[in-house]
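# Survey of secondary and tertiary structure
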Amino acid sequence: MIDRGHAGIFPDKPHTALRDSNGGLFYEEMFTRDGFSGAFTYFYHRYPITAHREVSSTHRGYAPPVADERAMHPLKRRLYLSDKIPQGGQLFERRFPILFSKDLTILLARPTETDEAYFANGDGDELWFVQEGNARLESPCGWLDVRSGDYVWVPKSMVHRWHISSKSMRMLCFEAHGGVHIPTQFRNPVGQFMMDAPYTHRDFVRPTGPISTPDRIQQGPRELYVKKHGRYSHYVLENPPMDIVGWDGFVYPWAFHIEKYQPKTGLVHLPPTIHTTFAGHGFLVCSFVPRVTDTHPQAIPCPYPHSSVDCDEVILYLRGNFTSRRGVGPGALSLHPAGIAHGPHPGAYEASIGSTRTDELAVMVDTYLPLQPTQQAASIEDPGYHSSWSG
């Protein structure tokens, strides 16, 4: 939730009649979070939203995460190669869970087709990172153009579908079971981003729309898949779900390009928390972008070796010279679990002394609950990663 957004038509006051030029009534929907005490959005529909022609269980949808004991023991640093994920299919059903906990599921996807049906994830917010490609997100709030390097937030249970416009798409998803939000330390008492926050309100791209107008209702598919408790239900809809002619509120999808993040630098090396970008229940998402390194004449810019005994760390490497790693290229996804020390590869720590800039680009997530690797993770693992610290 960034700030209030609105588009299209709506009445002067909520819960009052909105009519078209012929006297026809539009139907208000309250889309709420945290019961009725959190952020919310008003949607104004042409038709009632509660009518379904059919509802049934379905086997369509992406597989739930299942822990693979062989991929978890012994405890060691692990590296996954995201380009080994199979390419193809539609995003609403071709996502591959790699790591998960009660708070968070991390998935990879390489879709090639536009979703033929709408999808709503009732198990949590989706925070996507687009590694490669372009797409368009369709939602009740309108169209959101998405490009390589974007974070994209899709609110929990919001009906949507992805239109793929690139031959090649590579995407990372954080399915956040307790939601995703802007860290509270970046907001002032009225909710505005602080002047020293790592981004501004202008950096976030909002949807353009709404898709429908009173005289032109977007038809689209009449099928909806809903995920709840890891299981899927299929609805055949009586009315088109994108019949919204206006909306007003704080809950809507948005995109934020990683290179709009404003990094901080200190006299000596600062902890990874200065790269915090988004937060959720039990985790933080951080962005590493090109920046000036530490300014003390004897500073060691390379990340210091550390034992973070309460957090698992996952990093998706995107581009640049990763000063702390060797042999790690774009698309690699590292897991450094709590309980085992990690840090720079041999030689990287001392070699970084005297450097003044870094051009690395990466996404990191730290979790408080241990992440469990899946069978899909085991199938794309680089088995030699842990031993790469041995000389």
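Everything quoted here is computed from the prediction, not taken from an experiment. Here the residue numbers are simple positions, counted from 1 along each chain's written sequence. Per-residue local features are limited, in this predicted model, to residues with pLDDT of at least 70; the limit for side-chain atom pairs, both in listing and counting, is 80 or more; totals at the level of whole chains, interfaces and linings are taken over all residues. Neither water nor hydrogens contribute to the side-chain values; these are computed over all heavy atoms in the structure.

### Side note on the overall build of the protein chain
The numbering of helices and of strands both runs from the N terminus, where a helix is a DSSP run of H or I of at least 4 residues and a strand a run of E of at least 2. Helix and strand counts for the protein chain stand at two helices and 28 strands. Taken over the C-alpha trace, the protein chain has a radius of gyration of 22 Å; the compact-globule value for 391 residues is 21 Å, and the two agree within 12%. Its C-alpha atoms give the protein chain principal-axis dimensions of about 75 × 45 × 35 Å. Using a 1.4 Å probe on the protein chains alone, a residue whose accessible area is under 20% of its type maximum counts as buried, one over 50% counts as exposed, and one in between counts as partly exposed. Taken across its 391 residues, the protein chain has 54% of its residues classed as buried. By definition in these notes, contact holds between two residues if any of their heavy atoms fall within 4.5 Å. Contacts in the protein chain between residues at least 24 apart in sequence constitute 76% of all its contacts with a sequence separation of at least 6. Residue exposure ignores everything except the shown protein chains as possible cover, and the areas themselves are Shrake-Rupley values with a 1.4 Å probe. For the protein chain, the computed accessible surface area is about 17400 Å², with 53% contributed by carbon and sulfur atoms. We score Asp and Glu as negative and Lys and Arg as positive, and we do not count His or the chain ends. By convention, the point assigned to a charge is CZ for Arg, NZ for Lys, CD for Glu and CG for Asp. Each charge class in the protein chain can be summarised by its mean position, and for the 37 positive and 41 negative side chains these summaries are 2 Å apart. The globule rule is 2.2 Å times the number of residues to the power 0.38, and the radius of gyration it is compared with is taken over C-alpha atoms.

### Description of the sheet that holds strand S22 (residues 283-288)
Ordered in space as S5-S25-S24-S27-S22-S21-S15, the seven strands form an open sheet in which the pairing is antiparallel. Each end of this open sheet is capped by a strand with a single partner; those strands are strand S5 (78-81) and strand S15 (180-181). Being paired, for any two strands, means DSSP has found at least two bridges between them. Here four bridges tie strand S24 (residues 312-319) to strand S25 (residues 332-336), and the two strands are oriented antiparallel to one another. Pairing of Ile 315 across the sheet is with Ser 334, part of S25.

### Examining the UniProt feature "domain: Homogentisate 1,2-dioxygenase N-terminal" (unreviewed entry) in the protein chain
UniProt positions are given in the numbering used here, feature names are shortened, and annotations may be inferred rather than shown by experiment. Here the UniProt feature "domain: Homogentisate 1,2-dioxygenase N-terminal" (unreviewed entry) sits at residues 113-256. Spanning residues 113-256, this segment combines 0% helix with 44% strand, and its end C-alpha atoms are found 23 Å apart.

### Quick look at the pattern of salt bridges
By definition, a salt bridge exists where a carboxyl oxygen of Asp or Glu is found within 4 Å of a side-chain nitrogen of Lys or Arg. Counting across every chain of the model gives 17 salt bridges. Where Glu 93 meets Arg 60, a salt bridge forms, and the shortest distance between an N and an O atom there is 2.8 Å. One end of the pair, Glu 93, is in the loop between S5 and strand S6 (96-100); the other, Arg 60, is in the loop between strand S4 (52-58) and S5, with 33 residues separating them in the sequence. For Glu 93, a relative accessible area of 23% puts it in the partly exposed group. Of the charged contacts, one joins Arg 60 and Glu 116 as a salt bridge, the two residues approaching to 2.7 Å between their closest N and O atoms. Of this pair, Arg 60 sits in the loop between S4 and S5 while Glu 116 sits in the loop between strand S7 (104-109) and strand S8 (118-121); the two residues are 56 residues apart in sequence, bridging distant segments of the chain. You can call Arg 60 partly exposed: its relative accessible area is 24%. Taking the relative accessible area as the measure of exposure, Glu 116 reaches 41% and is therefore partly exposed. Salt bridges linked by common partners bring Arg 60, Glu 93 and Glu 116 together as one network.

### A word on the sheet that holds strand S2 (residues 27-32)
A sheet is described by the order of its strands in space; here four strands give the open sequence S1-S19-S3-S2, paired in antiparallel fashion. Only two strands of the sheet have a single neighbouring strand rather than two, namely strand S1 (5-8) and S2. Across this sheet, the average inter-strand angle for adjacent strands is 20 degrees, counted without regard to direction. Strand direction decides the pairing type here: S2 and strand S3 (residues 40-45), joined by six bridges, are antiparallel. Paired with Glu 28 across the strands is Tyr 44, a residue of S3. As a rule, the C-alpha atoms of each element are fitted with a line to give its axis, helices using only the stretch in contact, and angles between N-to-C directions run from 0 to 180 degrees.

### Some details on the pairing of S3
The buried fraction of S3 amounts to five of the six residues, a majority that puts the element mostly inside the structure. Pairing between S3 and strand S19 (residues 244-249): five bridges, direction antiparallel. Of the residues in S19, the one forming a bridge with Phe 43 is Trp 247.

### Side note on the state of the cysteines
Any cysteine sulfur atom paired with another within 2.5 Å is treated as part of a disulfide. If you walk through the whole model with that rule in mind, you get zero disulfides. Just so you know, Cys 141 is unpaired, no disulfide at all, and the nearest cysteine sulfur is the one on Cys 173, 18 Å from it.

### Details of the layout of surface pockets
The method works on a 1 Å grid over the protein atoms by themselves. A cavity is a set of points holding a 1.4 Å probe that cannot get out, a pocket is an open set with protein on both sides within 12 Å along at least five of seven lines, and residues with an atom within 4 Å of a point line them. Grid points are joined across faces, edges and corners, and a volume is the space filled by probe spheres set on the points. What the second largest pocket holds in volume is close to 230 Å³. Looking at the second largest pocket, it is lined by 14 residues, and the ones nearest its centre are Pro 272, Thr 273, Ser 308, Cys 311 and Asp 366. Mapped onto the lining of the second largest pocket, the elements with two or more residues apiece are S22 and strand S27 (361-367). Under the scheme applied, nonpolar residues are Ala, Val, Leu, Ile, Met, Phe, Trp, Tyr, Cys and Pro; charged residues are Asp, Glu, Lys and Arg; polar residues are all the others, including Gly. A per-class count over the lining of the second largest pocket returns seven nonpolar, five polar and two charged.

### So, the environment of His 45
Locating His 45 in the fold gives a position in strand S3. The contacts of His 45, once residues within four sequence positions are left out, are Phe 26, Tyr 27, Glu 29, Pro 241, Asp 243 and Ile 244.

### Description of unusual backbone geometry
The peptide bond linking His 73 to Pro 74 adopts the cis configuration, its omega dihedral lying at 0 degrees. Structurally, Pro 74 is set in the loop between S4 and S5. With omega at 10 degrees, the peptide bond leading from Gly 209 into Pro 210 counts as cis. The residue Pro 210 is located in the loop between strand S16 (204-205) and strand S17 (223-228) in this model. Phi at His 229 is positive, roughly 55 degrees, even though this residue is not glycine. Along the chain, His 229 falls in the loop between S17 and strand S18 (231-237).

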